[in-house]
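Below are the chains, spelled out letter by letter.
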Number of protein chains: 2
Amino acid sequence: MNNYRLKNRLTAAAYIEGVLVGDRVILSRAITIIESNLKSDKAIAKEIIQAILPKSGNSIRIGVTGVPGVGKSTFIEAFGKHLVAEGNKVAILSIDPSSQRSRGSILGDKTRMEELANLKEAYIRPSASGDTLGGVANKTGETMLLCEAAGYNVILIETVGVGQSEIAVHGMTDFFLLLMLAGAGDELQGIKKGIMEMANMVVINKADGDNVALSKIAKRQYQNALHIFPMPNSGWSPIVSTASSIQNIGIGTVWDKIMEFKKLVKGNGYFVNNRKRQQIQWMYNTINEELKQLFYGSDVVTKKIKQLEKDILDSKVSPVNAAHSIIEEYKKGF
Amino acid sequence: MNNYRLKNRLTAAAYIEGVLVGDRVILSRAITIIESNLKSDKAIAKEIIQAILPKSGNSIRIGVTGVPGVGKSTFIEAFGKHLVAEGNKVAILSIDPSSQRSRGSILGDKTRMEELANLKEAYIRPSASGDTLGGVANKTGETMLLCEAAGYNVILIETVGVGQSEIAVHGMTDFFLLLMLAGAGDELQGIKKGIMEMANMVVINKADGDNVALSKIAKRQYQNALHIFPMPNSGWSPIVSTASSIQNIGIGTVWDKIMEFKKLVKGNGYFVNNRKRQQIQWMYNTINEELKQLFYGSDVVTKKIKQLEKDILDSKVSPVNAAHSIIEEYKKGF
């Protein structure tokens, strides 16, 4: 199987050329190289990324999150179609560390967004799979660069709305969109405060039928809740709106607001500075992640760390002394 | 000066014996050893910690935070005196990474809490100094173990209420107390939502004079705000009360509530499980911190990392490739 896969590989130059002319098939195959864990692929991936890097960045990057059931796929389908109708080329990526997608299969996401998937101005790629959030996020980040180099000027990165992956998506996007539902009673439950705090815009989805009145109440409640946060550095106060993805109501408003945001932050310098900060942070996150992987993946550590945990619980060694001793062992074996 | 300091050192056995009989002078000198960065001291420190470890842990550990101006010292003085009057031995420690305290000087905190400092059942030790929060927190954590071994059954760890140090204090205490002020209007501003979420109890301090009515309003507002968080694993719903530290009103209530909390979490197993989890986490935090220090403190990294940042901003190298290349260099030099 490895042989079959390797035979199918192009040269780095062929991938680069294909991506830069916007060839969707080559783009998909290049992303597969980025996502691959084969050593030979990693070398090609590095070359591809280096070459397309100067052509990347010319987009607005939008993070979309919300708990399961909020109607994310339906919203992205309606939103994506609106973006295409407005003349944009849209790439839809995702970060989902729990994803166990079989290699190359994108059926899952394509059937979720059938109409959008059939537009040639839209490119849908589901989450890379991987063991660590850091690894998955790195692959999605590099996929984003490839899509930008291929001419996609709007990047949507969706995530699942239940944990750390929001922070990763927030760290690589310009605008962070939180989808919520109008509910009875405790409107704010179920979503961590930290995620609320990152949002540039909250959209109350499924504001249709019996839900319209409730959604208006929810909108007011979220507006009050967002008020308690201090003004962000971007100079943009987070806003709340309602939308019905299935009735295609309020979808254009979201895009209009994002354009307003873009105008503001391009004007006040925040857009550029934020991207710079994100790029540097991306390097440091990758370093810190790999340092841990080197350590916790090493033979000496995997052999001894569980015993140390036990010794700590038995008061045989203090946590600090335990840490020092295993690091000494690790350094010896390097 | 080093010579003078070293001549003053006792043997590890003498420190251990002094701490275990509750000798305050020896305790203070042992803590100085823990806080020292001298290599010879570190060996003694390790021996002390190992020896007193089985005698540590018999206390309730309380974290106290709040923004500057909230009246933390006055509260701790009133609270500490109440605890002593109830028959407890109280140690007051702090974590303040910005502290540049000269070695051994505890004048600052002693004058802040003059009456408490004069009680022989109270022991006050200000924050260790250090370059990293992790380092400072480790020293405070080990100081806590020493105080417990010396017979202090209530440990208060205060912090400054403006950043990451709350997370460190929360990670080493059983109960987390947040002091707040009644203000006009935006009650929740100024304190990060994440800190609010960690609190087991919020005390509206300075509820005296003209402030009494406002404090009652604030109490209701915080109660509503805390309601939006899901029930914590401890089974304890965070509560809000008002207090006047200068008039000594509402101070006893805080202690009563902490005792209620203790009874609940000792009964449902959370107390023990939380401590176990904290100890293991303490080891991992120390490891992760030291891995970063080894890396970012190494010659090759300090020499090259700024250039890599520049190359990233110039689109000469991708963040991920930059991270990989510097880690390869680092591994070579190990």
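All of these numbers come straight from a predicted model, not from anything done at the bench.

Chemist: What am I meant to see in the interface of chain A and chain B here?
Modeler: By a widely used convention, the size of an interface equals the accessible area lost when the partners come together. In this complex, chain A contributes 52 residues to the contact, which on the side of chain B involves 52 residues. Summed over both sides, the interface between chain A and chain B buries roughly 4,900 Å², with carbon and sulfur atoms accounting for 69% of that surface. Scanning the region where chain A abuts chain B turns up 0 salt bridges. The interface formed by chain A and chain B includes 12 residue pairs in polar contact (both at pLDDT 80 or more).

Chemist: Looking at this structure, I do not really get the packing of helix 3 (residues 24–35) of chain A against helix 4 (residues 39–52) of chain A. What am I missing?
Modeler: The relative placement of two packed helices comes down to the angle between their axes together with the axis-to-axis distance. Residue and element names in this part refer to chain A. Orientation of helix 3 relative to helix 4, taken along the N-to-C sense of each, is 120°, at an axis distance of 8 Å. By the angle class used here, helix 3 and helix 4 are oblique. Crossing angle aside, the handedness with which helix 3 passes helix 4 is left-handed. Between helix 3 and helix 4, the residues in contact are Ala30, Ile33 and Ile34 and Asp41, Ile44, Ala45, Ile48 and Ile49, respectively. Per-class residue counts for the contact of helix 3 with helix 4 are 7 nonpolar, no polar and 1 charged.

Chemist: Got a minute to help me understand the pattern of salt bridges in this structure?
Modeler: A side chain of one charge can pair with a side chain of the opposite charge if their charged atoms are brought near each other. Residues and elements named next belong to chain B. Tallying each qualifying case throughout the model produces 22 salt bridges over all chains. For Glu35, the salt bridge identified is with Arg125, shortest N-O distance 3.0 Å. Taken together, the positions of Glu35 in helix 3 (residues 24–35) and Arg125 in the loop between strand 3 (122–124) and helix 8 (133–149) put the pair 90 residues apart, joining distant regions of the chain. The same class applies to Glu35 and to Arg125, which are both buried.

Chemist: Is there a simple way to explain helix 3 of chain B in this structure?
Modeler: Residues and elements named next belong to chain B. Under the 1.5 Å per step criterion, the end-to-end length of helix 3 is 16 Å for 12 residues, consistent within 8% with the ideal 16 Å. Of the residues making up helix 3, those classed as buried are Ile26, Leu27, Ala30, Ile31, Thr32, Ile33, Ile34 and Glu35. Considering only its buried residues, helix 3 is in contact with helix 2 (12–20), helix 4 (39–52), strand 3 and helix 8. If you check the start of helix 3, you find a side-chain oxygen 2.9 Å away from the backbone N of Val25, and it comes from Asp23.

Chemist: I would appreciate a short explanation of the side chain of Thr140 of chain A in the present structure.
Modeler: All names here are of chain A. Mapped onto the elements, Thr140 comes out in helix 8 (residues 133–149). On the basis of relative accessibility, which here comes to 4%, the residue Thr140 falls in the buried class. When residues no more than four places from it in sequence are discounted, the contact partners of Thr140 are Leu93, Ser94, Ile95 and Ile157.

Chemist: Got a minute to help me understand the confidence of the model for chain A in this structure?
Modeler: Detailed reading of the predicted coordinates is not advisable wherever pLDDT is low. Residues and elements named next belong to chain A. Per-chain confidence: chain A averages 88 in pLDDT, with 90% of residues scoring 70 or above. Across residues 101–107 the pLDDT falls below 50, and counting only partners more than four positions away or on other chains, this stretch makes 14 contacts in the model. Predicted as a complex, the structure gets a pTM of 0.77 and an ipTM equal to 0.83.

Chemist: Would you explain the relation of the copies chain A and chain B in this entry?
Modeler: Mapping chain A onto chain B leaves a residual RMSD of 0.1 Å; the transformation is a rotation of 180° accompanied by 0.1 Å of translation along its axis. Here the transformation between the copies is reduced to the relation of a two-fold axis. A share of 100% of the interface residues of chain A reappears at the interface of chain B, consistent with the copies meeting face to face through the same patch.

Chemist: Would you explain unusual backbone geometry in this entry?
Modeler: Generally, phi is negative for residues other than glycine and the peptide bonds are trans, each holding for most cases. Residue and element names in this part refer to chain B. The phi torsion at Lys206 lies on the positive side, around 60°, for a residue other than glycine. Among the secondary structure elements, Lys206 is positioned in the loop between strand 6 (201–205) and helix 11 (211–227). Accessibility expressed as a relative area gives 34% for Lys206, which makes it partly exposed.

What counts, and where the lines are drawn
- Residues numbered from 1 in each chain as written.
- Chains lettered and ligands numbered in written order.
- Predicted model: local features only at pLDDT ≥ 70, side-chain atom pairs only at ≥ 80, totals over all residues.
- Heavy atoms only, no water.
- Contact = heavy atoms within 4.5 Å.
- Buried area = accessible area lost by both parts, 1.4 Å probe.
- Salt bridge = Lys/Arg side-chain N within 4 Å of Asp/Glu carboxyl O.
- Polar contact = N/O pair within 3.5 Å; in protein donor to acceptor, adjacent residues only side chain to side chain.
- Axes fitted to C-alpha atoms, helices over the stretch in contact; angles between N-to-C directions.
- Helix = DSSP H or I, 4+ residues; strand = E, 2+ residues; numbered from the N terminus.
- Parallel < 35°, antiparallel > 145°, perpendicular 65-115°, else oblique.
- Left-handed = near helix turned anticlockwise from the far one by under 90°.
- Nonpolar A, V, L, I, M, F, W, Y, C, P; charged D, E, K, R; others polar.
- Buried < 20%, exposed > 50% of the residue type's maximum accessible area, 1.4 Å probe, protein only.
- Expected span 1.5 Å × (residues − 1).
- pLDDT = per-residue confidence, 0-100.
- Least-squares fit on C-alpha atoms with pLDDT ≥ 70 in both.

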